[in-house]
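One-letter residues, chain by chain:
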Amino acid sequence: MRPPVPYSPDVETVKPDEAQTIAGLCETFGTILQRVAADSGHAVRSVHAKAHGILEGVLRIEDGLPPELAQGLFARPGEHAVYMRMSINAGDILPDAVSLPRGLALKVLDVPGERLPDAEGTTQDFIMVNGPVFQAPNAETFLGSLKLLVGTTDRAEGLKVAASTVLRGVNRVLRAVGVESPTIASLGGAPNVDPLGETYYSVTPFRYGGSIAKFSLRPVAPGLTARTGTEIDASGRPNAVRETVRSEMAGTEGVWEFRVQLCRDLKRQPVEDPTVAWDEDEAPFRRVATITVRPQDSWEPARVQAVDEAMRFSVWTGLAAHRPLGNINRARNAPYRHSAAFRERFNGCPIHEPSAGR
């Protein structure tokens, strides 16, 4: 196996028109934010607006990691309190009969070290989805797709449910012949799976101390793996996924392993194109920590208020040692801040970074 590719700033290629594309993303996401807030009277996130569960747990960093894995947050063994937010990717609040890719945002508390520019507090965020690749190769292409979808935000709910049913059927046929379609999944054709059984991926690359990596969170507790691939019937139940997660977590101890996939060949594991999956035979995932979540109420009102309303998650909140890399990651910074600022103003609810003591 090749050694990890060393990190240097020149692994990124910044396009001359990126600022213009990012401004367009902020404007388009702003339209989504304003429309949903005007219709509902409450501001939500411009992506991954609907949460299925809010969990509180402990991340334990393994002892004796080899030097190439003992980097950044994972440089020293220890424990950190964490919050986990499970969601779907739409920017409006849809009934769960519209099945979309699952998301998982992880916030690790009380992380020492040099911070990214403008990263408040002492937390480290990781944002993942239940698929290994992104739907667009760059922010410009993503913006084009977003502009096509923005007109349907908070509109034609019944049509979305019907379309999702059709697209799920199309996706089953494709999967049966070994074809994965992130585009169809993002339009409502994703399997309506139990999020507790899913494996999640960062999709985009990050600095990993002296190297470059992608991240993944995989369930390992039997109570979670038993649900892998299990689909939830959301017929007539607009919050079926949330209800299912709440029922299951009341009696389940969840354990996930946090894994790192080191880049070993920039041509075969590119930084700037997140539609390319990094082959796990060439760049295997390796465990660096575990997350344990005790049985709990995953929709406990006080925790929902503290996390879903009063916190934000961003790949740009964290350590300089885990700097986000690539065009898509560079384009996420300003829209995430724009979304959080809009929620804060509209809802009159200050957003802050937590610590274990509060």
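Use the structure listed above.
All of the points below concern the structure found in this document. Keep in mind that what you see is a predicted model, and the values were worked out from it rather than measured.

### A few points about the pattern of salt bridges
Enumeration over the complete set of coordinates arrives at 22 salt bridges. Note that E79 is salt-bridged to R60, the shortest N-O span being 2.9 Å. Residue E79 is found in strand β2 (residues 78–88), and its partner R60 is found in strand β1 (residues 51–61); the two are separated by 19 residues along the sequence. When the shortest N-O distance is used, the salt bridge between R287 and E62 registers 2.4 Å. Here R287, found in strand β9 (residues 285–293), pairs with E62, found in the loop between β1 and β2; they are 225 residues apart in sequence, far enough to count as distant. With relative accessibility at 42%, the residue R287 sits in the partly exposed group. Assessed through its relative accessible area of 25%, E62 is described here as partly exposed. Beyond isolated ion pairs, a larger network of salt bridges with shared partners links E12, E18, E272 and R330.

### Some details on the nonpolar core
Soluble globular proteins tend to bury their nonpolar side chains together. Of all hydrophobic cores here, the largest spans 57 residues; its most connected members are F74, W256 and F258. Of all hydrophobic cores here, the second largest spans 15 residues; its members include L25, F29, A49 and I328.

### Notes on the layout of surface pockets
Of the pockets and cavities examined, the second largest pocket occupies roughly 180 Å³. Ranked by residue count, the leading element in the lining of the second largest pocket is helix α7 (residues 301–309), at three residues. Each residue belonging to the lining of the second largest pocket can be placed in one class, and the counts come to seven nonpolar, two polar and seven charged.

### Notes on the packing of helix α1 (residues 18–40) against helix α2 (residues 139–150)
The interhelical angle for the contact between α1 and α2, taken along N-to-C directions, is 25°, at an axis separation of 10 Å. Between α1 and α2, the crossing angle belongs to the class labelled roughly parallel. Relative to α2, the crossing made by α1 is left-handed. Where α1 approaches α2, its residues T21, G24, L25, T28, F29, T31, I32 and R35 are matched on the opposing element by A139, E140, F142, L143, L146, K147 and V150.

### Observations concerning the packing of aromatic side chains
For the structure shown, the criterion picks out 12 aromatic pairs. Both rings, one in F74 and one in F258, keep their centres 5.2 Å apart while their planes meet at 35°; by these two values the pair is tilted. Placement of F74 in the loop between β1 and β2 and of F258 in strand β8 (residues 254–262) is noted, with a sequence separation of 184 residues between them. Residue F74 is classed as buried on the basis of its relative accessible area of 1%. You can call F258 buried: its relative accessible area is 0%. Members of the aromatic cluster, connected to one another through ring pairs, are F74, F126, F206, Y208, F215 and F258. Over the face of the ring belonging to W299 we find R242, whose NZ or CZ atom lies 3.9 Å from the ring centre. Here the guanidinium or amino end of R259 rests over the ring plane of F285, the centre of that ring lying 4.4 Å away.

### Some remarks on empty space enclosed by the protein
Counted according to the given criterion, the structure contains one cavity of 30 Å³ or more. Taken as a whole, the largest cavity encloses approximately 40 Å³ of empty space. Lining the largest cavity we find K15, D17, E18, T21, N138, A139, E140 and N327. When residues of the lining of the largest cavity are traced back to their parent elements, those giving at least two are α1 and α2. Of the residues that constitute the lining of the largest cavity, the class distribution is one nonpolar, three polar and four charged.

### Re the packing of α1 against helix α9 (residues 333–347)
Closest axis-to-axis distance for the α1/α9 pair is 9 Å, and the angle between their directions is 30°. Between α1 and α9, the angle is such that the two are roughly parallel. α1 and α9 meet at a crossing whose hand is right-handed. For the pair α1 and α9, contact is made by I22, L25, C26, F29, G30, L33, Q34 and A37 and by A334, P335, H338, S339, F342 and F346, respectively. When its residues are assigned to classes, the contact of α1 with α9 shows 10 nonpolar, four polar and no charged.

### Observations regarding the side chain of S355
Along the chain, S355 turns up in the segment after α9. Accessibility expressed as a relative area gives 19% for S355, which makes it buried. Excluding residues that lie within four positions of it along the chain, S355 makes contacts with L109 and D110.

Criteria and cut-off values
Residues numbered from 1 in each chain as written. Predicted model: local features only at pLDDT ≥ 70, side-chain atom pairs only at ≥ 80, totals over all residues. Heavy atoms only, no water. Salt bridge = Lys/Arg side-chain N within 4 Å of Asp/Glu carboxyl O. Helix = DSSP H or I, 4+ residues; strand = E, 2+ residues; numbered from the N terminus. Buried < 20%, exposed > 50% of the residue type's maximum accessible area, 1.4 Å probe, protein only. Core = buried A, V, L, I, M, F, W, Y, C linked by side-chain atoms within 4.5 Å. 1 Å grid on protein atoms, 1.4 Å probe; cavity = no way out; pocket = protein on both sides within 12 Å on 5 of 7 lines; lining within 4 Å. Points joined across faces, edges and corners; volume = space filled by probe spheres on them. Nonpolar A, V, L, I, M, F, W, Y, C, P; charged D, E, K, R; others polar. Axes fitted to C-alpha atoms, helices over the stretch in contact; angles between N-to-C directions. Parallel < 35°, antiparallel > 145°, perpendicular 65-115°, else oblique. Left-handed = near helix turned anticlockwise from the far one by under 90°. Contact = heavy atoms within 4.5 Å. Phe/Tyr/Trp six-rings, centres within 6.5 Å; stacked < 30°, edge-to-face > 60°. Lys NZ or Arg CZ within 6 Å of the ring centre and 35° of its normal.

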